[in-house]
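# Overview (structure and organization)
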Amino acid sequence: MHLLLTVASCLAALSCAHAAPKPDRCKLLAAEAATDKGGWLSWNNVVGCLETFPLNEAIRQSTIETFSRTLEGEYAFTDMASVASQLDHGRWDLEDVDLRKALKSMKNKRYKNDKTFHDDLAFLLRQLGDAHTGYRSSCFHSHFSFYQPWAFDVVVDTRTGKQNVFLAEVAVPVVLGDVARDAFLERFRKAIHRDPRELIGWRVVKIDQRDPVDYIRKFSKTQVGLVKDKNQKFNIATSGSTVQRNGDVTKRVGPMSIWTNMESPSSAFRTLHLISPDGKRRITLLVPWIARSNREINFENSEEFWTNACLAKKPETLESLSKPAESLHEELNGDAVVVLSAGRFPNNTENAFGNGYPRLLKKGDFASFHMLDAETGVSALPTFTSNTSPSDPFGKVAQACREKLHDPDASANIGTGGPAGWRFYCFIQEIHEGLTLLKNSGAKRLILDWTNNGGGWGDLGTMFVAVMFPNITRQQATFRMTPFFSDLIAKAFEKDQNLTTPLTMVSDCILCFMHLKRSSSPKYGPGNFVDLETETAPLPSDVQRLFLSSDSGHTEKWGKYASRYSERIEIVDGGAILDERQEHNVWNATGIPRPSEPMWDSKDVMLFTNGFCGSTCAHAARKLVDVVGVRSVVTGGLAGADPFPFSAFPGGNVVDLAQIFGDVAKLDMSDHPLAPQPFLQKVSLFRVNAGVGYSVRDDLPAEYAYKAADCRIDQNEKTIFPPFAWLAAAATFNNCPDADNVLVNQARQ
């Protein structure tokens, strides 16, 4: 309490060690925000305001302590990260990150201001290459996003093999609307003395005096922390197209153009050397970064900005933790989607080749289903989230979905993110119906396009594969049994509570477990797990056998660190009961017969991604490739690169702010000597991977087990558009060189 009061009084007055610099940049920022109707702000004022605040020693020490307790007590890969560069023969683009050592050094490190301290924390976790583990200060990383005027397309010239960078679509996300777009264009029109749209299609010769491909490669190494492979990072940094559930094609703009949820750009400008499409004109532009507020903040000066935007208030400490975290799909894609440039390619896949193909057979609520040609089907799935719209799992749309269920009482129960609701089952029904439609329409081969899929409900990934192939089971995982985690899970099993994570075990949602009781038990029990021995949820009395006994599990040593890990167990994420012997199982709920034969032979099914197929998408992808044996193809990356991993950040289970602090409080463990304590500053994201998920390998968890695709196709002048990428991928069903011939033929057309 004394610490919190000290921080509040000290920083509210801004007089602890240094006076706020003059002029007051936050005051200038407030004035600019009040006059710019489009909502756009200058880099100088935003960054100047954020750099106003001196390092606060109380916040520094308490934050490092919370980090240390969380990473030591709950993060699954704390030990492995310390030797990351050596794992799986060093095939990942990773450096060793000794989290314990790094945090210790940060306790006494000199920082220019409070912002650089929080930037350092964000970068520390970004080096792990794990989208499930990260940190963002609400004040310094989430209140503002920074924009350049264009997306960047990286395209291989099929005639020369050279990889070029082009200015692409204007980088104004659709969600911002026309007023913001017009103001955006006007602001850049004044800055660069021309309409940014006039330069779409121009080739980038240099960025800040460096080769553009090399610039993007180096940028992605330090600024993209969602994945571990350099080619995956390269793809994420620029832009990529996604086929949506209605067949529309949208473009996701990467951090090279929209710098959001991260540290502010280090410079106010970027210098671009450009050449016109006809090669006759060359220009050099000094292009500013402009900013935009992501949320409403009431402030007139730096003191008010700190109080309202940065400093946590005691009543808000746990209140905000009850709000559900946004899905990775929404977080990574939703606010960075732009419209494709008119005339380059159509905005929909329908008849893209001009010969009637691709043919869109079904626009779904979750996926789209296409015939690429007379014998090749495509299912495009942008997310494994079933509550896409509305987000309420028991709202009006969900009620309509409930009417379609064969077992309406089987509302999806407990998951690591909460109850999934009835649309969970309608997702499964739609996937089965769409795949059946493709089969009945003559598809002898199937391409599963999971490009830019950030995941969703884990059980939906399992069920996507399970409706196609027999004998599919959930992913198995272990947990790092630290002293704190051991006490936490023991208390959770003792209380028999299942809140929102594997750490706390029975939901307070009455709708969730009204119909999901075991026939022999008055309550569902620790419903986030399935015991491998019984194929049902474990009982509270099973906690010793599965987690706590010194005779269970095993010890692993990574570098100089060693930890004990639990027995393997299946994790329930969404609530599907796969066991047909149990009441309200997923097969009864959906009316889908559990397959005894595959819908297609595995050799006739292909997984297609750009490497960004994460979380649930990664679990399902590894199940398809490692267990079923389907073919995998990736697109993009550096020109001439070998095939790279088709999936990323599979992890095992994620705990977010709500679980790290909220669940501990609900279990009356906030006073535990090892429990992480809530931050003194406002934090928009703090999550760690708490489970160690496995695929078919026993020597390494899926998170660090390198698995490259069978083939890679370049992103060229045509394959940058998804239907042509599907066509090139389809040519690799027999062998990879066929894809090169397709690309050359496309270039000649």
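Up top is the structure.
For the structure given in this document, a descriptive report is provided here.

Let us now look at the overall build of the protein chain. A count of helices and strands for the protein chain gives 25 helices and 29 strands. Entry remark: accessible area of the protein chain is about 28,500 Å², with carbon and sulfur atoms responsible for 50%.

As a further point, take the pattern of salt bridges. Applying the stated rule across the entire model yields 38 salt bridges. For glutamate 263, the salt bridge is made with arginine 126, and the minimal N-O distance between the two is 2.8 Å. Placement of the pair is glutamate 263 in the loop between β9 (258–259) and β10 (269–275) and arginine 126 in helix α7 (residues 114–126), with a sequence separation of 137 residues. Across the pair, arginine 126 and glutamate 263 agree in class, each one buried. Residue lysine 251 is joined to glutamate 169 by a salt bridge in which the shortest nitrogen-to-oxygen separation is 2.8 Å. Of the two residues, lysine 251 is situated in strand β8 (residues 249–253) and glutamate 169 in strand β5 (residues 163–170); the sequence distance between them amounts to 82 residues. Grouping residues by exposure puts lysine 251 and glutamate 169 together as buried. One network of salt bridges, in which partners are shared, links Glu72, Asp79, Arg100 and Arg480.

The next point concerns the environment of leucine 226. With respect to the secondary-structure elements, leucine 226 resides in the loop between α10 (212–223) and α11 (230–237). Sequence separation between leucine 226 and glycine 614 is 388 residues, and the spatial gap between their C-alpha atoms is 9.0 Å.

Across a sheet, strands are paired by hydrogen bonds formed along the backbone, either parallel or antiparallel in direction. The strand order across the open sheet formed by five strands is β4-β5-β6-β10-β11, and the pairing between neighbours is antiparallel. The open sheet has two free edges, formed respectively by β4 (150–156) and β11 (282–288), since each of these has just one partner strand. With strand direction ignored, the average angle separating the axes of adjacent strands in the sheet is 40°. With four bridges joining them, strand β6 (residues 203–207) and β10 adopt antiparallel strand pairing.

On to the state of the cysteines. Under the criterion given, the structure shown has five disulfides. One disulfide bridge connects cysteine 26 with cysteine 49, the sulfur atoms lying 2.0 Å from each other. With the S-S dihedral at roughly 90°, the linkage between cysteine 26 and cysteine 49 falls on the right-handed side. Taken together, the positions of cysteine 26 in helix α2 (residues 25–35) and cysteine 49 in helix α3 (residues 43–50) put the pair 23 residues apart, joining distant regions of the chain. A relative accessible area of 0% places cysteine 26 in the buried class. With a relative accessible area of 0%, cysteine 49 lands in the buried category. The residue that forms a disulfide with cysteine 613 is cysteine 617, at a sulfur-sulfur distance of 2.0 Å. Taking the sign of the S-S torsion, -100° for the link of cysteine 613 and cysteine 617, the bridge is left-handed.

Glancing now at the nonpolar core. Among the nonpolar cores identified, the biggest contains 97 residues, and Leu435, Trp450 and Met468 are the most heavily contacted of them. Examining the composition of this core, we find that eight residues originate from one element, helix α16 (residues 423–440), more than from any other. Residues contacting methionine 468, with those up to four places away along its chain left out, are Leu435, Leu446, Pro595, Glu597, Pro598, Met599, Trp600 and Val605. Counting residues in hydrophobic clusters, the runner-up holds 72 residues, among them Leu272, Ile290, Trp306 and Leu680.

A few words on the environment of isoleucine 290. With respect to the helices and strands, isoleucine 290 occurs in strand β12 (residues 290–293). By relative accessible area, which is 4% here, isoleucine 290 ends up buried. Separated by 247 residues in the primary sequence, isoleucine 290 and tryptophan 43 place their C-alpha atoms 5.5 Å from one another. Ignoring sequence-local partners within four residues, the contact set of isoleucine 290 consists of Trp40, Leu41, Ser145, Phe146, Tyr147, Phe184, Arg187 and Phe188.

The four strands lie next to each other as β1-β12-β3-β9, forming an open sheet whose pairing is antiparallel. For this open sheet the edge positions go to β1 (40–42) and β9, each flanked by a neighbour on one side alone. In terms of strand pairing, strand β3 (residues 144–147) meets β9 through two bridges, oriented antiparallel. If you follow phenylalanine 146 over to β9, its bridge partner there is tryptophan 259.

The rules behind the values
In every chain, residue numbers begin from 1 and rise along the written sequence. The predicted nature of this model means local features are confined to residues of pLDDT at least 70 and side-chain atom pairs, given and counted, to a pLDDT of 80 or more, with totals for whole chains, interfaces and linings taken over all residues. In computing side-chain properties, one takes all heavy atoms of the structure into account and sets aside hydrogens as well as water. Only DSSP runs of H or I with at least four residues qualify as helices, and only runs of E with at least two residues qualify as strands; both kinds are numbered from the N terminus onward. All accessible-area figures derive from a Shrake-Rupley calculation using a 1.4 Å probe, and residue coverage is judged against the displayed protein chains alone. One side-chain nitrogen of Lys or Arg within 4 Å of one carboxyl oxygen of Asp or Glu is enough to make a salt bridge. Only protein chains enter the accessibility calculation, which uses a 1.4 Å probe; a residue whose area is less than 20% of its type maximum is buried, one above 50% is exposed, and one in between is partly exposed. Here, strands pair whenever DSSP counts at least two bridges between them. Here, axes are lines fitted to C-alpha atoms. For helices the fit covers the stretch in contact, and angles between N-to-C directions go from 0 to 180 degrees. In what follows, a disulfide is any cysteine sulfur pair within 2.5 Å. Nonpolar cores are built from buried Ala, Val, Leu, Ile, Met, Phe, Trp, Tyr and Cys residues. Side-chain atoms within 4.5 Å join them into one set. By the convention used here, residues are in contact when the closest approach between their heavy atoms is within 4.5 Å.

On their own, these measurements won't tell you what the molecule is for.
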